[in-house]
Structures are given as C-alpha cells and as structure tokens.
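Next come the chains, spelled out residue by residue.
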Amino acid sequence: FWEQSQAGPVQVTREPAFAAPAFEKHQTKIEEAYEGNIFYVNLLSSSSMEQVLTAALERQLQTPTVSSSTRPAPAPADSAAAEAADASALTSERLSDRYCHFDFHERVRGASQADFDAELEALISELTPFLERSGFLDATTDSSAADLQSARGSHRAGAKRWQVGVLRTSCLDCLDRTNVVQFFVAWHW
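Bear in mind that the values here come from a model prediction, so they are computed numbers and not experimental data.

The rules we used
- Residues numbered from 1 in each chain as written.
- Predicted model: local features only at pLDDT ≥ 70, side-chain atom pairs only at ≥ 80, totals over all residues.
- Heavy atoms only, no water.
- Helix = DSSP H or I, 4+ residues; strand = E, 2+ residues; numbered from the N terminus.
- Buried < 20%, exposed > 50% of the residue type's maximum accessible area, 1.4 Å probe, protein only.
- Contact = heavy atoms within 4.5 Å.
- Phe/Tyr/Trp six-rings, centres within 6.5 Å; stacked < 30°, edge-to-face > 60°.
- Pairing = 2+ DSSP bridges.
- Axes fitted to C-alpha atoms, helices over the stretch in contact; angles between N-to-C directions.
- Parallel < 35°, antiparallel > 145°, perpendicular 65-115°, else oblique.
- Left-handed = near helix turned anticlockwise from the far one by under 90°.
- Core = buried A, V, L, I, M, F, W, Y, C linked by side-chain atoms within 4.5 Å.
- Expected span 1.5 Å × (residues − 1).
- Patch = residues over 30% accessible without salt bridge, like charges linked within 9 Å, V, L, I, M, F, W, Y side chains within 5 Å.
- Areas by Shrake-Rupley, 256 points an atom, 1.4 Å probe, with all protein chains shown as cover.
- Salt bridge = Lys/Arg side-chain N within 4 Å of Asp/Glu carboxyl O.

Enquirer: Is there a simple way to think about the overall build of the protein chain in this case?
Expert: Along the backbone of the protein chain there are seven helices and five strands. Walking the protein chain from its N terminus toward its C terminus, one meets helices and strands in the order β-β-α-β-α-α-β-α-α-α-β-α. In the protein chain, which comprises 189 residues, the proportion classed as buried is 32%. Residue pairs at least 24 apart in sequence account for 66% of intrachain contacts in the protein chain once pairs closer than 6 positions are excluded.

Enquirer: Would you explain the packing of aromatic side chains in this entry?
Expert: Aromatic ring pairs are defined here through the distance separating the ring centres and the angle between the ring planes. Summed over the entire model, instances satisfying the criterion amount to five aromatic pairs. Between Phe-23 and Tyr-40, the aromatic rings sit 6.1 Å apart at their centres with planes inclined by 25°, giving stacked as the arrangement. Linking Phe-23 in helix 1 (residues 16–34) with Tyr-40 in strand 3 (residues 38–42), this pair joins segments that are 17 residues apart in sequence.

Enquirer: Honestly, the sheet that holds strand 5 (residues 166–170) in this entry has me stumped. Any pointers?
Expert: Across a sheet, strands are paired by hydrogen bonds formed along the backbone, either parallel or antiparallel in direction. The three strands are arranged 4-3-5 in an open sheet whose pairing can be described as parallel. Strand pairing shows two members of the sheet lacking a second neighbour, strand 4 (99–101) and strand 5, which therefore form its edges. Averaged over all adjacent pairs, the angle separating strand axes in this sheet is 15°, with direction ignored. In terms of strand pairing, strand 3 meets strand 4 through three bridges, oriented parallel. Paired with Tyr-40 across the bridge in strand 4 is Tyr-99. Along the sheet, helix 1 contacts strand 3 and strand 5; its crossing angle with strand 3, the most-contacted strand, is approximately 120°.

Enquirer: What am I meant to see in the packing of helix 1 against helix 2 (residues 48–61) here?
Expert: When two helices pack together, their arrangement is given by the angle between the helix axes and the distance between those axes. Viewed as axis vectors pointing N to C, helix 1 and helix 2 meet at an angle of 70°, and their least axial separation amounts to 10 Å. Of the possible angle classes, the one that applies to helix 1 and helix 2 is roughly perpendicular. In the packing of helix 1 onto helix 2, the handedness of the crossing is right-handed. Contacts between helix 1 and helix 2 involve Pro-16, Ala-19, Ala-20 and Phe-23 from the former and Leu-57, Arg-59, Gln-60 and Leu-61 from the latter.

Enquirer: Sorry if this is basic, but what is going on with the nonpolar core here?
Expert: Ranked by size, the top nonpolar core spans 18 residues in total, and within it Val-41, Leu-127 and Leu-167 carry the most contacts. Considering every element that reaches this core, the biggest residue donor is helix 5 (residues 113–134), with six residues. Ignoring any residue separated from it by four or fewer positions in sequence, one finds Leu-167 in contact with Phe-39, Val-41, Leu-127, Phe-130, Leu-131, Gln-182 and Val-185. Of all hydrophobic cores here, the second largest spans nine residues; its members include Ile-30, Tyr-40, Tyr-99 and Val-166.

Enquirer: Mind showing me how you'd approach helix 1 here?
Expert: In an α-helix there are 3.6 residues to a turn, and that puts residues three or four apart on one side. Over its 19 residues, helix 1 extends 25 Å from the first C-alpha to the last, a length consistent with the 27 Å expected when each residue adds 1.5 Å. Every buried residue of helix 1 is listed here: Pro-16, Ala-19, Ala-20, Phe-23, Glu-24, Gln-27, Ile-30 and Glu-31. Packed against the buried residues of helix 1 are strand 3, helix 2 and strand 5.

Enquirer: Mind showing me how you'd approach a nonpolar patch on the surface here?
Expert: A contiguous nonpolar surface patch, about 230 Å² in accessible area, is contributed by Trp-2, Val-12 and Val-52. Take Val-12: it is sitting in strand 2 (residues 10–12). Accessibility expressed as a relative area gives 32% for Val-12, which makes it partly exposed.

Enquirer: How do you make sense of unusual backbone geometry when you look at a structure like this?
Expert: The general pattern is negative phi for most residues beyond glycine and trans for most peptide bonds. Unusually for a residue other than glycine, Glu-35 sits at a positive phi of about 50°. Summarising the element assignment, Glu-35 is placed in the loop between helix 1 and strand 3.

Enquirer: What am I meant to see in the pairing of strand 3 here?
Expert: Walk down a regular strand and you will see the side chains alternate between the two sheet faces. A large share of strand 3 lies buried, amounting to five of its five residues. Neither face of strand 3 is open: one carries Ile-38, Tyr-40 and Asn-42, the other Phe-39 and Val-41, and all of them are buried. Of the pairings in the sheet, the one linking strand 3 to strand 5 comprises five bridges and is parallel in character. Paired with Asn-42 across the bridge in strand 5 is Ser-170.

Below you can see the structure in the form of structure tokens.
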C-alpha cells in the first residue's frame, strides 16, 4: 500500500507484515483464476521516488507467505552462517523465477529503434521460460456448434488454447511502460 500527493514523493503506508495478507489474498485469487503462477515485471526506474516502490515490492515477494506453495523447502545446513547463505540463495533463486526488474527508462532512454528493440528482446529472453509455461489465450475455434453446445458449462469451452498464469507489469504513474512491454510480449507470440 502506498500513496503520493500530486507534487510529493511516494510513501509506503503499510509495513510488509501488514500488507502481506492482502497481497497474498490478491495473488491467490489471480493464481486460481488463471490456474497458474504470476510473474512480476517491475518497470520502475532507479530514481529515489520509484526505488521506494521497487524495494517494497521485492520485500513483499520475499515474504514467506507469498506463494509459499511454489517455493522449495530450504536444505538442512550445518551452521547458522551456511543456513543464512542457503536461505539467501534460495530467496534470490525463487525471486528470479517469478520476478525481474527492468528499469525501462534507463534501458531505452534515447535509444535508436534498433537499440530499443534489442533491449526489449533481452527482456523477452528473460521472460521466455515463464511465457512458454503460461502460454496465451487463443479464443478462435475450430469447433462446430454441436461441439460448443456439448461443452456448455465448461469455462474452457471452444477455445483452441488457454493461458495458465499471469505476466504482471508494474510502473508508477502511467501505462506507457506497461503498454509497450505487454505489446512486445504479445507481438512475440
């Protein structure tokens, strides 16, 4: 949870522990609706104002309750230091399986069309494992009316292919960054 006055800086209004239940509930609803995981693409810049939100999102994603069912259990360790290092490595590994920070403005500011495309291609390469697992909705049908009638009641009736999972993009105050990235992802399918 955060807020921003028209001229003021971003302020996080809840500590991660207090935001976790709402975040987890929202995440669970999306995962159930799309029958798959969520991958977060953070398009915020590294400016101090936007960095506050990046840090809050990363903390929230590392909270043990968030998608704990998809996280592997930590391996046993012999010492406290080894255990902490293992936990840190597992958290980083798990986070990279479902999150990437792509500072959109830093990566594409002043870029030629070729450089702009190359930066977005690099992002697509990073997202490819998730995109291949989650797929996309293809609502066109080859089914006859009888086939569609017999499938009535099924939420999957008629479509050629169903998406399982969500690619979630985030930015601060506009949809420009989100629209560009979502278009580029869709263009690659």
